[in-house]
Amino acid sequence: FIPLALIAVLALGTSAMAWKGYSGGQNCQATLSQLTPEKQEAANKIFDKYNDKLQTLSQDLWAKHTEMQALIEAGKLEKEEIEGYVKEMREIKDKLYKKQNEMRTELEKATGLDLTNCNFRGGMGGKGRGNCGGAPSGGCPGYNPPPAK
């Protein structure tokens, strides 16, 4: 049982690190905050456009991970089932990554900035615009859930 759990943890650990933004990317809040008010508004509209889809994918990924982890801890998963969960999580993560790249491309076109090294994987929420300076407070597309109403 321990080797199966180790396989899952190692497979997911790498995904989780990339998913949560441990990519070495720069903090882009300062970069985006230097834009003109018009370009900041354009960037905000792009973040708003992608927020719901990225939130959904992020929540789907977390739910699948949590479900698998609970079943592993209960001893109810075989190696093939763990591999199935890992495959599903990779598929969700690929969709999330694709949407994040679409958003980045739109932001670059709207702002004229090169955002290649910006870390859009794990922190656009928080106070103001957080890590990358664009998402509504607490509503990081693809990571932070929006505040409860």
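For the structure given in this document, a descriptive report is provided here. (Residues numbered from 1 in each chain as written. Predicted model: local features only at pLDDT ≥ 70, side-chain atom pairs only at ≥ 80, totals over all residues. Heavy atoms only, no water.)

### Quick look at the nonpolar core
If you look at the biggest cluster of nonpolar residues, it comprises 23 residues, and the most contacted ones within it are Phe47, Met68, Leu77, Ile82, Met89, Met103 and Leu107. Residue assignment for this core shows that the elements contributing at least two residues are α3 (37-73) and α4 (79-111). When residues of this core are assigned to their parent elements, the largest contribution, nine residues, is made by α3. (Core = buried A, V, L, I, M, F, W, Y, C linked by side-chain atoms within 4.5 Å. Buried < 20%, exposed > 50% of the residue type's maximum accessible area, 1.4 Å probe, protein only. Helix = DSSP H or I, 4+ residues; strand = E, 2+ residues; numbered from the N terminus.)

### Here's the deal with the pattern of salt bridges
Within this structure, the stated rule accounts for six salt bridges. One salt bridge in this structure joins glutamate 88 and lysine 64, with 2.9 Å as the shortest N-O distance. Pair noted here: glutamate 88 is in helix α4 and lysine 64 is in helix α3, with a separation of 24 residues, a long-range link. A salt bridge links glutamate 102 to lysine 99; the shortest N-O distance between them is 3.1 Å. With glutamate 102 and lysine 99 both in helix α4, this residue pair falls three residues apart, about one helical turn. On the accessibility criterion, glutamate 102 (27% relative accessible area) is partly exposed. Exposure remark for lysine 99: the relative accessible area of 24% places this residue in the partly exposed category. What you see here is one network of salt bridges that share partners, running through Lys64, Glu67 and Glu88. (Salt bridge = Lys/Arg side-chain N within 4 Å of Asp/Glu carboxyl O.)

None of this, on its own, says anything about what the molecule does.
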